[in-house]
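Secondary and tertiary structure notes
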Amino acid sequence: MQSDFRDNSWENESFDWLRLLGRNLPIVIFLLVAFVGMGLTYWFFSPPEATAEMIANSSSSSLSAPFYKPIPAKPVLQRLAQSPGPIRIGLIAGHKGSDSGAVCADGLTEAEVNLNIAEKVAGALLAQGIHADILDEFDPRLSNYGGTAVISIHADSCTYVNDLATGYKVAPSSRTDSIQLQSCMEAAYAQATQLPYHANTITPHMTDYHAFRSLPDGVPAIIVETGFMNLDRTLLTTNADVPAAGILNGIQCFLDSTQ
Ligand SMILES: [Zn+2]
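In this text, all values refer to a predicted model and were calculated from it rather than measured experimentally. (Residues numbered from 1 in each chain as written. Predicted model: local features only at pLDDT ≥ 70, side-chain atom pairs only at ≥ 80, totals over all residues. Heavy atoms only, no water.)

Details of the pairing of strand S5 (residues 221–228)
The buried count for S5 comes to eight of eight residues, which makes it a mostly enclosed element. Both strand S3 (residues 149–156) and S5 contribute to a ladder of six bridges, which runs parallel. What sits directly across from Asp156, in S5, is Phe228. Note: strand S4 (residues 169–172) against S5, four bridges, orientation antiparallel. By the bridge assignment, Pro172 is partnered in S5 with Ile222. (Buried < 20%, exposed > 50% of the residue type's maximum accessible area, 1.4 Å probe, protein only. Helix = DSSP H or I, 4+ residues; strand = E, 2+ residues; numbered from the N terminus. Pairing = 2+ DSSP bridges.)

In structure tokens:
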């Protein structure tokens, strides 16, 4: 009997609880919703763990914390394809604006030989839509010349030395890698003019050429000695179209190699 009584009392007790809950059902539901709502609110506004740690570490001296708003990465769409900078070739007409350079007995100057060839090259480049600047020997534009390449055009002495004083030579800038420009120019110039390569007269004056030092870094530059004004005179004057074509082809070869 005692056990029955106990069972009954337990049943009665739980029944009382259920009746109590049932009577107050709206309050019970309200409390449940309120707890779930608070939980969701806490979860929603909790920063990620790393950020929370950072805030905890930084808030020792201040009660304020930075507000982080995550922004999704957005791809940047370019409306136009990026075009390379315009090609610009600098042609130094050797000695122009400075002195005459080598002079022949009859008064022909290296400066006028150089300028004639430079103008022919510039004209041919412009005809192809390539911008070309004819520069003085000590042109003030050299120090900030943003060109694709600079070619300084010179010619060798008009004095008769011996029968070997014929041929051309090319020296590259030692400040900016100009080997590609040099090799293009050597091959194209030799092919156009059929002149021999006159390497044994390349002097420090050529390799440490003042214009190489004036030019900004990154502009390939060479100096071309187009020929000797004595033995190669006809080629450099009457037939100046030939050395001009050689230089033009050398520039073309270089531009093709950089694209
Ligand atoms: Zn010269």
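Structural notes on the state of the cysteines
Tallying each qualifying case throughout the model produces two disulfides. Note on cysteine connectivity: Cys104 is disulfide-linked to Cys158, with sulfurs 1.9 Å apart. Every disulfide takes its handedness from the sign of the S-S torsion; for Cys104 and Cys158 that torsion is 100°, giving right-handed. Residue Cys104 is found in the loop between strand S1 (88–93) and helix H4 (110–127), and its partner Cys158 is found in the loop between S3 and S4; the two are separated by 54 residues along the sequence. Cys184 shares a disulfide with Cys253; S-S distance 1.9 Å. On the sign convention where negative is left-handed, the bridge of Cys184 and Cys253, at about -65° about the S-S bond, is left-handed. In this pair, Cys184 is assigned in helix H5 (residues 179–193) and Cys253 in helix H9 (residues 241–258), connecting sequence segments 69 residues apart. Going through the chain in sequence order and numbering each bonded cysteine, the pairs you get are 1-2, 3-4. (Disulfide = S-S within 2.5 Å.)

Considering the pairing of S3
Burial of S3 is extensive: eight of the eight residues sit out of reach of the surface. Where burial is concerned, the two faces of S3 agree: the one with Ala149, Ile151, Ile153 and Ala155 and the one with Val150, Ser152, His154 and Asp156 are both buried. Direction of pairing for S1 relative to S3: parallel, over a ladder of five bridges. In the sheet register, Gly90 faces S3, and the bridge partner there is Val150.

Things to note about the packing of aromatic side chains
Following the criterion strictly, the structure yields four aromatic pairs and no others. Relative to Tyr189, the ring of Tyr168 has its centre 5.1 Å away and its plane inclined at 55°; by these criteria the two rings are tilted. Remark: Tyr189 occurs in helix H5 and Tyr168 occurs in the loop between S3 and S4; sequence separation between them is 21 residues. Under the relative-accessibility criterion, Tyr189 is labelled buried at 0%. The interplanar angle of 85° and the centroid separation of 5.3 Å between the aromatic rings of Tyr209 and Phe212 together place this pair among those described as edge-to-face. Put simply, the rings of Tyr168, Tyr189 and Tyr197 pair up and form one aromatic cluster. (Phe/Tyr/Trp six-rings, centres within 6.5 Å; stacked < 30°, edge-to-face > 60°.)

Comments concerning the side chain of Gln182
Inspection of the secondary structure assignment puts Gln182 in helix H5. For Gln182, a relative accessible area of 14% corresponds to the buried category.

Thoughts on the side chain of Glu225
Along the polypeptide, Glu225 turns up in strand S5. Of the buried charged residues, Glu225 lacks a salt bridge, with Lys169 as the closest side chain of opposite charge at 5.2 Å. Once residues within four sequence positions are removed from consideration, Glu225 is found in contact with His154, Ala155, Asp156, Gly167, Tyr168, Lys169 and Met206. (Lys, Arg positive; Asp, Glu negative; His and termini not counted. Salt bridge = Lys/Arg side-chain N within 4 Å of Asp/Glu carboxyl O. Contact = heavy atoms within 4.5 Å.)

Some thoughts on a nonpolar patch on the surface
On the surface, Ile27, Phe30, Leu31, Phe35 and Met38 cluster together into a nonpolar patch covering about 580 Å² of accessible area. Along the chain, the position of Leu31 falls in helix H2 (residues 25–45). For Leu31, a relative accessible area of 44% corresponds to the partly exposed category. (Patch = residues over 30% accessible without salt bridge, like charges linked within 9 Å, V, L, I, M, F, W, Y side chains within 5 Å. Areas by Shrake-Rupley, 256 points an atom, 1.4 Å probe, with all protein chains shown as cover.)

What to know about the pattern of salt bridges
This model, assessed by the stated rule, comprises eight salt bridges. Of the charged contacts in the structure, one is a salt bridge between Asp136 and Lys96, with a shortest N-O distance of 2.8 Å. Note that Asp136 is positioned in the loop between strand S2 (131–135) and S3 and Lys96 in the loop between S1 and H4, a separation of 40 residues in sequence. Classification of Lys96 by relative accessible area gives partly exposed; the value is 29%. A salt bridge links Arg141 to Asp139, with the shortest nitrogen-to-oxygen separation between them at 3.0 Å. By relative accessible area, Arg141 is classed as partly exposed at 39%. When its relative accessible area of 8% is taken as the criterion, Asp139 is described as buried.

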